[in-house]
Amino acid sequence: MIVVTAPTGQIGHQVLDHLLARNAPVRVISRDPSRLPAETRERIEVVEGSHGDSDVVTEAFDGADAVFWLVPADPRALSVEAAYVGFSGPACKALEHHRVARVVGVSALGRTTAPAGAAGNVTASLAMDDLIASTGVHYRALTMPSFMDNIARQAALIKNEGRFTSPISGDRKLPSCATQDVATVAAGLLIDTSWTGVAEVPLLGPQDLSFDDMARIMSEVLRRPIRFQQVPGPAYQDRMMRAGMSEAMAEGMLAMALAKDAGLDNGVARTPETGTPTSFRAWCEEVLKPAVLGTQG
């Protein structure tokens, strides 16, 4: 039995699809099971509720062999530690109680780098990994750079103004990964019962690109000029708070961006094992182009 958390989210729904394609027995934890397709609900077990709730995870992990663990975004959390470590605490107790064998979690790059200690959400993600590993489960932390898919959140800005933004420097070359590749790796590990111990699994995409590089590729795919604009850190944080994010989480997001600009995501060597197949150009064709063309405004 494989338990999938966040099964309707950007990564979780793709993990779920992969597992069902392989006829794996699956149980999901969902706040709103109605968001799951009807044909999917017929093939899985569903535990309704939040995977940050002790009673919910205690029920869901009963008889489980493996768990896909992904902390949902909580923009109004009081601290990044509460959002990641605090949220994961009940699950870690349930993992120990039910002696679950394996966990595959979505985390972040940077553990061995100098900026890791003051990287906001990333620092909290790494502390979450340590908490999960302390339960004694076999654990694989998928250590991620920024997702290509996050750029699609700016589809309206790209369409209406021909630009996208970040506090990170336009010429800083960084790895980036498509969520479809994350889901493929996660599903493979969840089905594989041969691995043991605790380790990180970096997923770096096929090449490092700067935002200026991305703007050039986006311009070619969309057949219109697209430029990258670096925004000042205070303006970035203020924009997130005006959108409803707590001050602590906005500070965490900015600290993460500044740490990436200082080399947080560049500490892992690129090898055939750390690369993933989806190129940024292919992602733009498959995901960004439809998102931009379908955006109103």
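The preceding data block contains the structure.
Since the model is a prediction, treat every value here as computed from it, not as a measurement.

With parallel pairing, the seven strands of this open sheet are ordered in space as E3-E2-E1-E4-E5-E6-E10. Unpaired on one side and paired on the other, strand E3 (45-48) and strand E10 (198-202) mark the two borders of the sheet. Neighbouring strand axes in the sheet, compared pairwise and without regard to direction, differ in orientation by 20° on average. When strand E2 (residues 26-30) meets E3, the two strands line up parallel, connected through four bridges. Paired with Ile29 across the bridge in E3 is Val47.

One pass over the structure, following the stated rule, counts five aromatic pairs. Ring plane angle 20° and centroid distance 4.8 Å describe the contact between Phe211 and Phe228, whose orientation is recorded as stacked. Taken together, the positions of Phe211 in helix H8 (residues 211-222) and Phe228 in strand E11 (residues 227-230) put the pair 17 residues apart, joining distant regions of the chain. Following the ring pairs from residue to residue traces out a cluster consisting of Phe164, Phe211 and Phe228. The ring of Trp195 carries the charged tip of Arg102 above its face, separated from the ring centre by 5.5 Å.

The nonpolar side chains of a soluble globular protein tend to be buried with one another. Ranked by size, the top nonpolar core spans 35 residues in total, and within it Phe61, Trp69, Leu95, Val103 and Ile132 carry the most contacts. Broken down by secondary-structure element, the contributors of at least two residues to this core are helix H3 (54-60), strand E4 (66-69), helix H4 (80-98), helix H5 (121-133), strand E6 (138-144), helix H9 (233-242) and helix H10 (247-261). Of the residues forming this core, the biggest block, eight residues, is contributed by H4. Counting 31 residues, the second largest nonpolar core, distinct from the first, contains Leu19, Trp195, Val201 and Leu203.

Let us now look at the environment of Leu19. Topologically, Leu19 is positioned in helix H1 (residues 12-21). When residues no more than four places from it in sequence are discounted, the contact partners of Leu19 are Ile2, Val4, Ala24, Val26, Ala187, Leu190 and Ile191.

Along the polypeptide, Ala60 turns up in helix H3. When its relative accessible area of 0% is taken as the criterion, Ala60 is described as buried. Here the alpha-carbon distance between Ala60 and Val4, two residues 56 residues apart in the chain, equals 9.5 Å.

What counts and what doesn't
- Residues numbered from 1 in each chain as written.
- Predicted model: local features only at pLDDT ≥ 70, side-chain atom pairs only at ≥ 80, totals over all residues.
- Heavy atoms only, no water.
- Pairing = 2+ DSSP bridges.
- Helix = DSSP H or I, 4+ residues; strand = E, 2+ residues; numbered from the N terminus.
- Axes fitted to C-alpha atoms, helices over the stretch in contact; angles between N-to-C directions.
- Phe/Tyr/Trp six-rings, centres within 6.5 Å; stacked < 30°, edge-to-face > 60°.
- Lys NZ or Arg CZ within 6 Å of the ring centre and 35° of its normal.
- Core = buried A, V, L, I, M, F, W, Y, C linked by side-chain atoms within 4.5 Å.
- Buried < 20%, exposed > 50% of the residue type's maximum accessible area, 1.4 Å probe, protein only.
- Contact = heavy atoms within 4.5 Å.

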